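Residue-level structural notes
One-letter residues, chain by chain:
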Amino acid sequence: MQNENKTQKSVAKGTFDETYIEDGFFVLAHKNENDTIQILERDIDSSYIQFHFCSKGSAAFVFNEGTYTLNIIEDTSLLLYNPQRDLPIHLEMQPQSWLVSLVISIKKFHGLFSDDANYITFLTDDNRGKKYYKDGKISPSMAVVLNQVINFSLNNSIKSLYFKGKAYELLSLFFNRSEDADIEQCPFLVDEVNVAKLKKAKDIIIANMAEPPSLQELADAIGLSLKKLKEGFKQIYGDTVYSFLFDYKMEVARKLLESGEHNVNEVGLKVGYSTSSHFIAAFKKKFGTTPKKYIMGAS
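Note that the structure is predicted; figures quoted are calculated from it, not measured. (Residues numbered from 1 in each chain as written. Predicted model: local features only at pLDDT ≥ 70, side-chain atom pairs only at ≥ 80, totals over all residues. Heavy atoms only, no water.)

**Notes on the overall build of the protein chain**
Keep this limit in mind: By the criteria applied, helices consist of DSSP H or I runs no shorter than four residues and strands consist of E runs no shorter than two, each listed in order from the N terminus. Three labels apply to residues, based on accessible area from a 1.4 Å probe with only protein chains included: buried if under 20% of the type maximum, exposed if over 50%, partly exposed otherwise in between. The contact criterion used throughout is that any non-hydrogen atoms of two residues lie within 4.5 Å. Accessible surface is estimated by sampling points in the Shrake-Rupley manner with a 1.4 Å probe; for residues, cover comes only from the protein chains shown.
For the protein chain, the helix and strand inventory stands at 12 helices and 11 strands. Within the protein chain, buried positions represent 45% of all 299 residues. When contacts within the protein chain are restricted to residue pairs at least 6 apart in sequence, long-range pairs at least 24 apart make up 71% of them. Put simply, the protein chain shows about 16000 Å² of open surface, and 49% of that area lies on carbon and sulfur atoms.

This is how it looks when you write it as structure tokens:
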């Protein structure tokens, strides 16, 4: 009887958005915007090193048929490498979570670094055959790049080129031993409290995307000055508050249209447009086509 009363976890299969960079190098990304845990899988053999970045929510990497689990939480990274055995990805991704992964062959990875990169311990000759699991914090500058990858909204024809630049930028930042340059550029980002406030601002506008607060109301809600809100938000997310929100709303609208469960008017209302004409104009500005034509093309 006790087993019958236990709450069943809602679980669904998901798929990675996979972008080929070049031979031996690809990027995996996924946004679980649903209310269910999503299971994502991808075969990875022992010749690859994996860099995982969780910019929102949390997830768990499950190995050996459930006998071993590595958790990854918001604002952290996880580096995985084991030359002795394959490390296929079996990911249990919690609702409202975002993940970006770089997967690169160890041969290509070695070729990226000059001989003076001895501070990268697993690149040394002594450690070349050892397994390596390491977690770390996502820095503000890395968060900017991750957001640009996860919320990619440019023309698909340049996606591979764009991701290639971002993937190499992310690797550079991951192994950069000092972020002094970023600190000088935006001093208040050193303060983790302020960074947390800016992330709260992002969560507030997403949760209220249909009726977002004014910038001043948002600044008051998170306890920052209007100037620090504007400067800090752009530093972390690479865009102004409302430009970020516009891109987010259009991405939500696109997915709602693709689902086929809502008409154009309903989708417009869900993302905050009181008239369909305003929504159609906004959608066309973002994607270069009307919602109706987009649906026809998608089907």
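**Things to note about the sheet that holds strand S7 (residues 68–73)**
The following threshold applies: Strands are labelled as partners when DSSP assigns at least two bridges between them. Helix axes use the C-alpha atoms of the stretch in contact, all axes being lines fitted to C-alpha atoms, and the angles between their N-to-C directions lie in the range 0 to 180 degrees.
In space, the five strands of this open sheet follow the order S1-S4-S9-S6-S7, with mixed pairing throughout. The strands lining the two open edges of the sheet, one partner per strand, are strand S1 (11–13) and S7. Each strand of the sheet is rotated relative to its neighbour by a mean of 25°, with strand direction disregarded. In this sheet, strand S9 (residues 89–93) lies alongside strand S4 (residues 37–42) in antiparallel orientation, the contact comprising five bridges. Its bridge partner lying in S9, Leu40 is registered against Leu91.

**Quick notes on the environment of Ile73**
Relative to the elements of secondary structure, Ile73 occurs in strand S7. C-alpha separation for the pair Ile73 and Ala60, spaced 13 residues apart in sequence, amounts to 8.6 Å. If we skip the residues at most four places from it in the chain, Ile73 touches Cys54, Gly57 and Ser58.

**Looking at a nonpolar patch on the surface**
Going by this rule: For patches, a residue must show more than 30% relative accessible area and have no salt bridge; joins then use 9 Å for like charges and 5 Å for nonpolar side chains, namely Val, Leu, Ile, Met, Phe, Trp and Tyr. Here, a salt bridge means any Lys or Arg side-chain nitrogen found within 4 Å of an Asp or Glu carboxyl oxygen.
Together, Leu154, Ile158 and Leu161 make up a nonpolar patch on the protein surface, roughly 280 Å² of accessible area in all. Locating Leu154 in the fold gives a position in the loop between helix H3 (140–150) and helix H4 (159–174).

**Some remarks on empty space enclosed by the protein**
We apply this condition: Buriedness of a pocket was judged along seven lines, with at least five required to meet protein on both sides within 12 Å; pockets are open sets of points on a 1 Å grid over the protein atoms alone, cavities are sets where a 1.4 Å probe fits but cannot get out, and lining residues have an atom within 4 Å of a point. Grid points are joined across faces, edges and corners, and a volume is the space filled by probe spheres set on the points. Residue type decides the class: Asp, Glu, Lys and Arg count as charged, Ala, Val, Leu, Ile, Met, Phe, Trp, Tyr, Cys and Pro as nonpolar, and the leftover types, Gly among them, as polar.
Counted according to the given criterion, the structure contains two cavities of 30 Å³ or more. Size it by volume and the largest cavity reaches roughly 90 Å³. If you go around the largest cavity, the residues you meet are Ser55, Asp75, Trp98, Ile138, Ala143, Leu146, Asn147, Ile150, Lys199, Lys202 and Tyr237. Of all the secondary structure elements, the ones that give two or more residues to the lining of the largest cavity are H3 and helix H6 (192–207). By residue number, the principal contributor to the lining of the largest cavity is H3, which donates four residues. Of the residues contributing to the lining of the largest cavity, the split by class is six nonpolar, two polar and three charged. Its volume calculated, the second largest cavity comes out at about 30 Å³.

**A short note on the pattern of salt bridges**
Tallied over the full model, the rule gives 10 salt bridges. A salt bridge links Glu22 to Lys108; its shortest N-O distance comes to 3.3 Å. Of this pair, Glu22 sits in strand S2 (residues 17–22) while Lys108 is found in helix H2 (residues 106–112), placing the two residues 86 residues apart along the sequence. Ionic pairing is found between Glu251 and Arg254, a salt bridge with its closest N-O pair at 2.2 Å. Of this pair, Glu251 and Arg254 both sit in helix H9 (residues 241–259), three residues apart, which is roughly one turn of the helix.

**Remarks on the packing of aromatic side chains**
The following threshold applies: Side-chain rings of Phe, Tyr and Trp (the six-membered ring for Trp) are treated as a pair once their centres are within 6.5 Å; stacked means planes under 30 degrees apart, edge-to-face means over 60, and tilted covers the remaining angles. To sit over a ring, a charge needs its Lys NZ or Arg CZ within 6 Å of the ring centre and within 35 degrees of the ring normal.
Evaluated as defined, the whole model comprises 18 aromatic pairs. One aromatic cluster in this structure is built from Phe51, Phe53, Phe109, Phe174 and Phe175. If you follow Lys31 out to its NZ or CZ, it ends over the ring of Trp98, 4.8 Å from the centre. Against the face of Phe163 rests Lys159, its NZ or CZ located 5.4 Å from the ring centre.

**Structural notes on the environment of Leu70**
With respect to the helices and strands, Leu70 occurs in strand S7. Spatially, the C-alpha atom of Leu70 lies 5.6 Å from that of Ala60, the residues being 10 residues apart in sequence. For Leu70, the contacting residues outside a window of four places in its chain are Ala59, Ala60, Phe61, Phe63, Leu78, Leu80 and Tyr133.

**Considerations on the packing of H3 against helix H8 (residues 226–237)**
Defined as follows: Oblique is the label for every angle not falling under 35 degrees (roughly parallel), over 145 degrees (roughly antiparallel), or within 65 to 115 degrees (roughly perpendicular).
Where H3 meets H8, the axes come as close as 6 Å, and the angle between the chain directions of the two elements is 65°. With respect to their mutual orientation, H3 and H8 come out roughly perpendicular. Every residue of H8 that contacts H3 at Pro140, Ala143, Val144 and Asn147 is listed here: Gln235, Ile236 and Tyr237. Looking at side-chain class alone, the contact of H3 with H8 contains five nonpolar, two polar and no charged residues.

**Comments concerning helix H7 (residues 215–222)**
Selection criterion: Summarising the geometry, the arc corresponds to the directions from the helix axis toward the C-beta atoms.
All of the buried residues along H7 are Leu218, Ala219 and Ile222. In a view along the axis of H7, the buried residues occupy a sector of 100°, so they form one face of it. Once H7 ends, the next one or two residues include Gly223, with phi positive near 80°.

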